[in-house]
Amino acid sequence: MINRIDALFSRLRAENHRALMPFLTAGDPDLATTAQAIHEFVTQGADLIEIGIPYSDPIADGPVITSSYHRALQNGIKVSQIFQTIRTLRAEQSARVDRTPLVTMVSYAIIHRYGLDRFLTDMAASGLDGLIVPDLPVEESAALLEQATARGLALIQLITPTTPRERALRIAATTSGFIYYVSVAGITGERAGLPAELTEAVTWLRSHTQLPICIGFGINSAAQARDLAPLCDGVIIGSAVVRRMAGALNRPRGEVVREIGQYLGEIARALDPTEG
Amino acid sequence: MSSAIIDQVRPNDSSVDRSLGDTADPGPDELGRFGGFGGRYVPETLIEALNQLTVAYAAAKVDPEFQGRLAGYLKTYVGRPSPLFHARRLTAHAGGAEIYLKREDLNHTGAHKINNAIGQVMLAERMGKSRVIAETGAGQHGVATATACALFGIDCTVYMGEEDIRRQKLNVFNMRTLGAKVVPVTTGSRTLRDATNEAMRDWMGSSRTTHYTIGSVVGPHPFPMIVRDFQSVIGREARAQCLETLGRLPDLVAACVGGGSNAAGIFAPFVADREVALVGAEAGGRGLKPGEHAASLTLGRPGVLHGSLSFVLQDDDGQTADVHSISAGLDYPGVGPEHGHWKETGRARYESIGDEEALEAYHLTARLEGILPALESSHALAQAQKEARRLGPGKVVVVCLSGRGDKDAYEVARLRGEPM
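Each chain has its residues counted from 1, following the order in which its sequence is written. Each chain gets a letter, beginning with A, and each ligand a number, beginning with 1, in the order they are written. Note on the predicted model: pLDDT of at least 70 is required for a residue's local features to be given, and 80 or more for side-chain atom pairs to be given and counted; whole-chain, interface and lining totals, by contrast, use all residues. Here the side-chain values reflect all heavy atoms present in the structure, with hydrogen atoms and water set aside.

> Any chance you could explain the overall build of chain A here in plain terms?
Here a helix means four or more residues in a row that DSSP labels H or I, a strand means two or more in a row labelled E, and each is numbered from the N terminus. For chain A, the helix and strand inventory stands at 13 helices and nine strands. If you line up chain A on its principal axes, its C-alpha atoms span 45 × 45 × 35 Å. Within the span of chain A, comprising 276 residues, buried residues form 62% of the whole. Residue contacts follow a heavy-atom distance rule, with two residues in contact if any of their heavy atoms lie within 4.5 Å. Put simply, of all contacts in chain A between residues at least 6 apart along the chain, 72% involve residues at least 24 apart. Only the protein chains shown count as cover for residues, with accessible areas throughout obtained via the Shrake-Rupley method and a probe of 1.4 Å. When the accessible area of chain A is evaluated, it comes to approximately 10,200 Å², of which 51% is carbon and sulfur surface. Charge assignment in this entry is limited to Lys and Arg as positive and Asp and Glu as negative, and neither His nor the chain termini are counted. Every charge is mapped to an atom, namely NZ of Lys, CZ of Arg, CG of Asp or CD of Glu. Within chain A, the 29 negative side-chain charges are centred at a point lying 2 Å from the centre of the 25 positive side-chain charges. Under the scheme applied here, a residue whose accessible area is under 20% of the maximum for its type counts as buried, over 50% as exposed, and between as partly exposed, the area being computed with a 1.4 Å probe on protein chains only.

Set out below in structure tokens:
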């Protein structure tokens, strides 16, 4: 069976469409809300969902995502419960969610303790399609790539503005699914502007790889998404979603999820070529 | 040293001339591995900065001008070499091997942390970085870094957990007086591990202009190697002092282990001397239950934390566990990867010392030797007494007295229920 991520990007490329890829933290505020949000996001035009597995000591993340991880952990969330939630979601066989790739963002600290083999087996069995391990550089990722590939899972790797070009090619050669291009050096979080070097760097990368290139870190508005669309195959919206989700702590959860859905809907329309 | 003392100790069974110490490559390999431990588990954004640091350090290490300047500061500013002191009354009390104290508490700023801080701030200057950041737990590394930055005229920012700021007001005041900016960290447990996360986050966005002066032999490669090398002055001196005053090597070297920098510093030059036992004392806290101690090597398992693979206290999902120790400097859920390697290979042994035992050693050293040791170092002093009793008369134990106890007076008074 073709991986859902590969299927997504070949479909989108044929339609000249960019992927909208929201990120959310599993279990913030609870797993029922996470499942509900995935449905809502997909309904509003999200093409792929990144699911953050909470970790106690994330070093790549800014205060918004770090706090969401800590909130989820305070509720005692376990990795096995997250896999169970995904499994249930896949078992519902809702047409749109069924074809939507779901990928995890997970620290290597968790994979190492859980056990690489067991983690990837459980991931694949739950219906996840790929993983991003932000603290596993290319030098350390050979075993993971091999075992993920054997299970039909994509290993999505990151390239950043500080990555030298030769190294970027090495990373691209060991990436599957898509390349996660980090638009700015630093931690996750929303930023006012996007750097000018971005166009040059991504254009160069595109001329050296067939893989889809998706841009993340610091994107929070429809206008930014529209500006980025010609450059890439998809945009990742992380902190902007998680920050809004934090509001679900003291407001009706369904209401907050619908609002985030509307916000993502605007960005989806900005990325749609037919909407001009 | 009087000849009477030398007469009390029997010679080692080795006839090899060891005056040069260990000349073999101590590691790590080019991926930063000490055996199966170490490496780099950090975001891609940091890799280039770590590569630049590796190259810059390799050049500085063999640059006689850099090393000469460093040695000069260690002598005239830090006050090195620190003495090796024969603790006769503590020896008599323990009733066994002769106990010698390596007096890192006599260094400027009162602990071994300055050895590394000066070296790394000089490295920052050499790399043309205009800003230095650091994490600190109890504040000793923060004070040492703020001190070195003042000396070299470099902008300094120290990340410190809100909880530690509350417990260590004196060090916070001193860091600010020295010109450093102290940033309170309000995430997670608000202690050292959160301060480390925050410093790494800062560095992700600032590495072009900023050097991260990590305070222990932890973190991604090349930090564990750099910090060990800068701290190895402790072991090199101790080894030479033993040969000079006792005419032989010690039978055992003991040091406390949190992240493990003073232990790595005193152990490393003895690693090739197989007849010298190396013993690390971890924080046993209030007991062996999770959350009650910080004994990563004796009770933890291999795992990833703060960019390297070593022994870590984690739950079965890989979430870092809460830790406790009477001493803020040992209150850390991980440990340097080289210690993991030394444990695995049996080159060093690690034991845990509880809060009560450490406190007892603190009081004993004060009464018997007129020295107020840091609570961290008190763990090593407690372990050393056990080892001295076990080894028996005629043997020699060297303890790294890594810092002085002034900073702990308030905490000890609170525990004794005495108002200050």
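> Explanation requested: the interface of chain B and chain A in the structure shown.
Size of an interface: often given as the accessible area lost when the parts come together. Contact residues are listed per partner, giving 35 residues for chain B and 38 residues for chain A. Here the quantity called buried area is the accessible surface, traced with a 1.4 Å probe, that two parts lose on coming together, added over both. Both sides of the chain B and chain A interface together cover about 3,100 Å² of buried area, and 51% of this is carbon and sulfur. Ranking the residues of chain B by area buried against chain A places B:E44, B:R201 and B:D317 at the top, with a combined share of 23%. By definition here, a salt bridge exists when the distance from a side-chain nitrogen of Lys or Arg to a carboxyl oxygen of Asp or Glu is within 4 Å. The interface formed by chain B and chain A includes five salt bridges. Between B:D315 and A:K78 there is a salt bridge, with the nearest N and O atoms lying 3.9 Å from each other. N or O atoms closer than or at 3.5 Å make up a polar contact, with two conditions inside protein: a donor-capable atom paired with an acceptor-capable one, and, for residues adjacent in sequence, both atoms drawn from side chains. At the junction of chain B with chain A, the criterion picks out 21 residue pairs in polar contact (both at pLDDT 80 or more). Contributions of two or more residues to the side of chain B that touches chain A are made by α2 (44–61), α9 (192–206), β11 (301–305) and β12 (308–312) of chain B. With six residues, α9(B) is the single largest residue contributor to the side of chain B that touches chain A.

> Explain unusual backbone geometry here, please?
The bulk of non-glycine residues show a negative phi, and the bulk of peptide bonds are trans. Residue and element names in this part refer to chain B. Following G27, the chain continues to P28 via a peptide bond in cis, the omega torsion being 5°. Following R80, the chain continues into P81 via a peptide bond in cis, with omega recorded as -5°. Following the sequence through the fold, P81 ends up in the loop between α3 (64–78) and β3 (84–86). With a phi angle near 55°, R190 is a residue other than glycine that sits in the positive phi range. Residue placement: R190 occurs in the loop between β7 (181–185) and α9.

> Before we go on, may I ask you to explain the pairing of β12(B) in this structure?
Within a regular strand, side chains alternate between the sheet's two faces. Residues and elements named next belong to chain B. Counting buried positions along β12 yields five of five residues, so the element is predominantly enclosed. Pairing between β11 and β12: five bridges, direction antiparallel. Residue pairing across strands places V304 opposite L309, the latter belonging to β12. In short, DSSP must find at least two bridges between two strands for them to pair.

> Which parts of the structure should I look at to understand empty space enclosed by the protein?
Residue and element names in this part refer to chain B. Only protein atoms enter the 1 Å grid, on which a cavity is a set of points fitting a 1.4 Å probe that cannot get out and a pocket is an open set with protein on both sides within 12 Å along at least 5 of 7 lines, lining residues being those with an atom within 4 Å of a point. Grid points are joined across faces, edges and corners, and a volume is the space filled by probe spheres set on the points. Within this structure, the stated rule accounts for ten cavities of 30 Å³ or more. Every residue lining the largest cavity is counted, 32 residues in all, and those nearest its centre are H112, K113, S261, G329 and L330. Elements represented by at least two residues in the lining of the largest cavity include exactly β5 (131–136), α6 (140–152), α9, α12 (261–267) and α16 (375–391). Under the scheme applied here, ten amino acids are nonpolar (Ala, Val, Leu, Ile, Met, Phe, Trp, Tyr, Cys and Pro), four are charged (Asp, Glu, Lys and Arg), and all others, including Gly, are polar. Residues of the lining of the largest cavity, tallied by class, amount to ten nonpolar, 18 polar and four charged.

> Help me understand the pairing of strand β10 (residues 277–285) of chain B, please; the structure alone is not making it clear to me.
All names here are of chain B. Of all nine residues making up β10, eight are buried, and the element is well covered by its neighbours. Sheet analysis places strand β9 (residues 252–256) next to β10, joined by five bridges and oriented parallel. Along β10, the bridge assignment pairs L252 with A277. Note on handedness: a crossover is taken as right-handed if, strands pointing away from the viewer, the path from the first strand over the helix to the second is clockwise. For the crossover that starts at β9, traverses α12 and ends in the parallel β10, the hand is right-handed.

> I'm lost on the nonpolar core in this one. Help?
Taken as a class, soluble globular proteins show a tendency for nonpolar side chains to be buried jointly. Definition used in this section: a nonpolar core is a set of buried Ala, Val, Leu, Ile, Met, Phe, Trp, Tyr and Cys residues joined via side-chain atoms within 4.5 Å. A:F119, A:L131, A:L144, A:F178, A:Y180, B:I266 and B:F267 are the most contacted members of the largest nonpolar core, which has 193 residues in total. Broken down by element, this core gets its largest block of residues, nine residues, from helix α13 (residues 253–271) of chain A. When residues no more than four places from it in sequence are discounted, the contact partners of A:F178 are A:I5, A:F9, A:M21, A:L48, A:E50, A:I156, A:Q157, A:P212, A:C214 and A:I236. Listed in part, the 28 residues of the second largest apolar core include B:A87, B:A294, B:I353 and B:A388.

> What should I look at first to understand the sheet that holds β7(B) in this one?
The pairing of strands in a sheet happens through backbone hydrogen bonds and is either parallel or antiparallel. Residues and elements named next belong to chain B. Read from one edge of the open sheet, four strands run β7-β6-β5-β8, paired in parallel fashion. Each edge of the open sheet is held by one strand with a lone partner, namely β7 and β8 (210–212). Put simply, the sheet's adjacent strands are angled 25° from each other on average, direction ignored. Relative to β7, strand β6 (residues 155–161) runs parallel, the two being bridged by five bridges. When the bridges of β7 are listed, M160 appears paired with P184. Simply put, an axis is a line fit to the C-alpha atoms, just over the touching stretch for a helix, and the angle between two N-to-C directions goes from 0 to 180 degrees.

> Help me understand helix α11 (residues 233–246) of chain B in this model?
Since one α-helical turn is 3.6 residues long, residues separated by three or four positions face the same way. Residue and element names in this part refer to chain B. An expected span of 1.5 Å times one less than the residue number is assigned to each helix. Helix length check: α11, at 14 residues, gives a terminal C-alpha distance of 19 Å against a target of 20 Å (1.5 Å per residue), a fit within 8%. For α11, the set of buried residues is V233, I234, G235, E237, A238, R239, Q241, C242 and L246. G247 occupies a position one or two residues after α11 and carries a positive phi of about 70°.

> I tried to follow the pattern of salt bridges on my own but got confused; where do I start?
Working definition: two side chains of opposite charge can pair if their charged atoms are close together. Under the criterion given, the structure shown has 46 salt bridges over all chains. Note that B:E44 is salt-bridged to A:R167, the shortest N-O span being 2.8 Å. One end of the pair, B:E44, is in helix α2; the other, A:R167, is in helix α9 (residues 165–173), on a second chain. On the basis of relative accessibility, which here comes to 7%, the residue B:E44 falls in the buried class. Residue A:R251 pairs with A:E259 through a salt bridge whose shortest N-O separation is 2.7 Å. Overall, A:R251 belongs to the partly exposed group, its relative accessible area being 33%. Counted as one network, the salt bridges with shared partners bring together A:E139, A:R167, A:R170 and B:E44.

> Quick question: what am I supposed to make of the sheet that holds strand β1 (residues 19–25) of chain A here?
Residues and elements named next belong to chain A. With parallel pairing, the nine strands of this open sheet are ordered in space as β5-β4-β3-β2-β1-β9-β8-β7-β6. The open sheet has two edge strands with one neighbour each: β5 (154–156) and β6 (158–159). In the sheet, strand β7 (residues 179–182) pairs with strand β8 (residues 213–216) via four bridges, with the strands oriented parallel. Bridge assignment links I179 to a residue of β8, and that residue is I213. Helix α3 (residues 63–74) rests against β1, β2 (49–52) and β3 (102–105) of the sheet, and its axis sits at about 50° to β1.

> Could you clarify how one ought to interpret the packing of aromatic side chains in this entry?
Each aromatic ring pair is specified by the distance between its two centres and by the angle formed by the two planes. All names here are of chain B. Each aromatic pair joins two rings of Phe, Tyr and Trp (for Trp, the six-membered one) with centres within 6.5 Å, and gets the label stacked for planes under 30 degrees apart, edge-to-face for over 60, and tilted for any other angle. For the structure on display, the rule yields twelve aromatic pairs over all chains. For the ring pair Y212 and F223, a centre distance of 5.8 Å and an interplane angle of 65° mean the geometry is edge-to-face. A residue pair is termed long-range when its members are at least 10 positions apart, and Y212 in strand β8 and F223 in helix α10 (residues 223–231) qualify at eleven residues. Taking relative accessible area as the criterion, Y212 reaches 1% and is therefore assigned buried.

> Would you mind showing me how to read the environment of A:R226 here?
Residue and element names in this part refer to chain A. When you line up the elements, R226 lands in helix α11 (residues 222–228). Residue classification places R226 among the partly exposed residues on the basis of a relative accessible area of 46%. Each C-alpha atom of the pair R226 and A270 lies 5.3 Å from the other, and the pair is 44 residues apart in sequence.

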